[in-house]
Amino acid sequence: MAPWLLVVALACISATVRLGAQQAVPSPPDVEDGQRLFVGSCANCHGPDGDAVPGVDLGHNQFRRASSDADLIEIIRRGIPGTAMPPGNYSNTQATQIVAYLRSLGLSPERSTNSGDVSRGQALLEGKGQCLTCHQVNGRGSRLGPDLSDVGQLRRAADLERAIVDPSGPVRPQNRAVLVVTKDGETISGRLLNHDTFTVLMLDSTERLRAFSTSALREVSFSKTSSKTSYRDKLSSQEIADLVAYLTSLKGVKAREP
Amino acid sequence: MMKRVLFALLVTGSTLQAQVSFERLLRSDNEPQNWLTYSGSLRGQRYSTLAQITPANVGNLDPQWIFQSRSLEKFEATPLVVDGVMYTVQAPNDIVALDAATGRVFWVYSYRPSTLARLCCGRVNRGLAILGDTLYMGTIDGHLIAVDAQDGRLVWDVKLTKPEAGYSLTLAPLIVKDKVIVGPAGGEYGIRGFVAAYEARTGKEIWRFYTIAGPGEPGRETWGGDSWKTGGGSIWVTGSYDPESNLTYWGIGNAGPDRNGDSRPGDNLYTSSVVALDADSGKLKWHYQFSPHDEFDQDATQIAVLANLQWKGAPRKVMLWANRNGYFYVLDRTTGEFLSGTPFVRVTWAEGFDKQGRPNRVPGQEPTPQGTLVYPGNQGATNWYSPSYSPRTGLFYVPTWVNYASLFIKRPSTYVEGQYFGGGEGRATDAQGLRTGTNNLRTEDEGYGAILAIDPLTGTRKWEYKMTDFTDAGVLTTASDLLFSGGREGYFYALDARTGALLWKFTVGGQVQSSPMTYSAGGRQYVVVNAGSSLFAFALRQ
């Protein structure tokens, strides 16, 4: 066994043992629901890895006040008076799901290494990587692919790295592509915005909003997978780390103080 | 001047004579200009003999007036129309009386429900009943009230049950003779459901049938331990009535906790069943359980549709039922005999029936902590919104969720009064989820809505009208072979009831979460549907 595999295996075992003392292993649906709740709210302060608040690492059992799942659930629901941690409007089930997600972070062998350089990553994204031909960052680039302006708020470094080297697999529904062929034989493709029984609405390849009546179309097809190619052989591992470092630094548009 | 006053009084007096006797409710076919009950008749067919609007002229249908409710709740009520006056419910519990020809509001009666009311799925109401000059409404905090149909004055108000324990009334009441019959929703709160009849004049309770069999009652043995106390068995929609047998038919909701049956071993009667009750005494005549020991939230809260068919060469009085569990049933409505059960969508939890009509369960198809993929999904193959039966085409029409599955997840569930008692969840399988109100990016293989036309004699599909999104809209058919429905996409449309061909559509700009109805006023046929927060009245362009 390679030494690093042993380390990973041991980490998993120790994490499982730790969990076992507290509760059953969470089910995948709970983890997924918990992730949605975490990303939608908690990640704003705690970051996608749960380690953005100094001294706290939610994914690796580093808490200031909690020592059990019950403590965590209580804090998630009631907040911590006198601190920046507000009470959350969650049911007991939802709070349990958030804890399930935090525990799954602890089980994950992947952890951001923060070995990349943010400014080099930005240069790569705008230059060699040609990312802006599909993506947009803070108003620059294309609208065809997902907007990356707040991707650092939403996705963990490990997830971003995986998406760069292995973009296969389904994309999120809001990033689905559509292709239509009109009865005149014209083919138009773009990002699907909405559709119903009578219409297809898209952002076409020239970034125009287009609406088509299905009665005027010969063909409609949807794609649920990414058109992106892998950067595994196009960028060095250091370059990928730089790119990830830049992406994780993107936190979206913040409201300005008056 | 005196003559004018006298004339005015005489005119007003004539409406007072137009009381809605039970005789009129029984013979509603004789007055298709009115819509006197939730489904248009006590048979639950949602079929009208009006035929001014036809497949040839339906293209000229235009909105005539719109009523905008002052409520952001789902607008699920089917209005009544009585001699030119429309009565509907602005959610949760405001009764509105309008001029059926113009949409002008005569009066609004506002009921303020208790803040203790607990509802799983919206503070909704599905409509009213009328008898004599009195309107009857169930409230979300478990009251049944009687209101004067002329001036909106409260006549009586009876608290039936405990709102803080999750009992709520969302259905339109059923009138049989001199009684008002209702039952509570609350299947996600561990209620013990019932159907009960109240004296229309006073609100005094006459009989009560518990939908969960308790001590000393047949069926008690189908509940392990004390699980019957929190067994669910809710009522969401109006029952039907057959005057020849004096039986009233009610569809019963899921067992509680919904997705975890460990604490309630047994069949759990009478959840997910239809019961036939004597209308005078409330005594159970027969029952049929669609989903024994349900763990998929398969409420049988659909409208019981009564029809007379030539069944295998002989006339037979039947009940037609497209169930949330994915099967279309034909039952003998006098005896409860199971005549046929045919899947109308993909079904994985059961495979056919034994001779008594009990579904054969598929091993492994049950909720688990990890989640089990089951067709149909949590919202069911269909739900509370009304189907329709046209005696002219002989077809049964049902709004349907096709290609639809959920991941059924089982969780521990402890009963606490007034708290959700679901035993897990039926989770959407597509990444976008079905719970969001965002744009539709779903593809056909991930599920879609449709109107299916089913031949009850064979259980086979005659035609299918596909929509891209799911639907919570009921179906209306008419004697001109038109079918009206809508869906989540915000269209209201007319199909040819014989072929399913689209004949007309209108963008109502909001989800249709109600069942359409029709009536006639001033010589014009109107078709009405709610969409979003508004009620739309359509008629032919003049």
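Please read all numbers here as calculations on a predicted model, not as lab measurements. (Residues numbered from 1 in each chain as written. Chains lettered and ligands numbered in written order. Predicted model: local features only at pLDDT ≥ 70, side-chain atom pairs only at ≥ 80, totals over all residues.)

### A look at the overall build of chain A
For chain A, the helix and strand inventory stands at eight helices and seven strands. By the burial criterion, 28% of the 258 residues in chain A qualify as buried. Long-range pairs, those at least 24 residues apart, make up 60% of the contacts in chain A with a sequence separation of at least 6. (Helix = DSSP H or I, 4+ residues; strand = E, 2+ residues; numbered from the N terminus. Buried ≥ 20, exposed ≤ 12 C-beta atoms within 10 Å, placed from the backbone. Contact = placed C-beta atoms within 7 Å.)

### Thoughts on the packing of helix α7 (residues 157-165) of chain A against helix α8 (residues 237-248) of chain A
All names here are of chain A. Following both chains from N to C, one finds α7 and α8 inclined at 130 degrees, their axes separated by 10 Å at the closest point. What the angle tells us is that α7 and α8 run oblique. Every pair of crossing elements has a handedness; the one defined by α7 and α8 is right-handed. Contacts from Ala 157, Leu 160, Glu 161, Ile 164 and Val 165 in α7 reach Ile 240, Leu 243, Val 244, Leu 247 and Thr 248 in α8. Residue classes in the contact of α7 with α8 are distributed as eight nonpolar, one polar and one charged. (Axes fitted to C-alpha atoms, helices over the stretch in contact; angles between N-to-C directions. Parallel < 35°, antiparallel > 145°, perpendicular 65-115°, else oblique. Left-handed = near helix turned anticlockwise from the far one by under 90°. Nonpolar A, V, L, I, M, F, W, Y, C, P; charged D, E, K, R; others polar.)

### Brief notes about the interface of chain A and chain B
Each partner contributes residues to the interface: chain A has 14 residues there, and chain B has 16 residues. When contributions to the side of chain A that touches chain B are tallied by element, the ones reaching two or more residues are α2 (28-46) and β4 (187-195) of chain A. Looking at side-chain class alone, the side of chain A that touches chain B contains six nonpolar, five polar and three charged residues.

### Thoughts on the confidence of the model for chain A
Residue and element names in this part refer to chain A. Residues with a pLDDT of 70 or more make up 87% of chain A, whose mean pLDDT is 83. Ranking the elements of chain A by mean pLDDT puts helix α1 (residues 3-20) last, at 38, and strand β6 (residues 209-213) first, at 97. pLDDT under 50 marks residues 1-23. Its contacts with residues more than four places away, or in other chains, come to 13 contacts. (pLDDT = per-residue confidence, 0-100.)

### Describing the sheet that holds strand β31 (residues 460-466) of chain B
All names here are of chain B. Strands sit in the order β26-β27-β30-β31 across an open sheet of four strands; the sheet is antiparallel. The sheet is open, and its two borders are formed by β26 (388-390) and β31, each paired with just one other strand. Geometrically, the sheet is characterised by an average inter-axis angle of 30 degrees between neighbouring strands, direction not taken into account. Sheet topology note: the strand β30 (residues 448-455)/β31 ladder contains six bridges and is antiparallel. When the bridges of β31 are listed, Ala 453 appears paired with Trp 463. (Pairing = 2+ DSSP bridges.)

### A few points about the packing of α2 of chain A against helix α4 (residues 92-107) of chain A
Residues and elements named next belong to chain A. It is the contact of α2 with α4, at a shortest axis distance of 7 Å, that shows an interaxial angle of 95 degrees. Here α2 lies roughly perpendicular to α4, going by the angle between them. Residue-level contacts link Asp 30, Val 31, Asp 33, Gly 34, Gln 35, Leu 37, Phe 38 and Cys 42 of α2 to Gln 94, Gln 97, Ile 98, Ala 100, Tyr 101 and Ser 104 of α4.

### Notes on unusual backbone geometry
Residues and elements named next belong to chain B. A cis amide bond links Ala 91 with the next residue in sequence, Pro 92, at an omega value of 0 degrees. Topologically, Pro 92 is positioned in the loop between β4 (85-90) and β5 (94-99). Cis rather than trans, the peptide bond between Tyr 375 and Pro 376 has omega equal to -10 degrees. Within the secondary structure layout, Pro 376 lies in the loop between β25 (372-374) and β26. With phi around 55 degrees, Asn 403 is a residue other than glycine that occupies positive phi space. Secondary-structure assignment places Asn 403 in the loop between β27 (395-402) and β28 (406-410).

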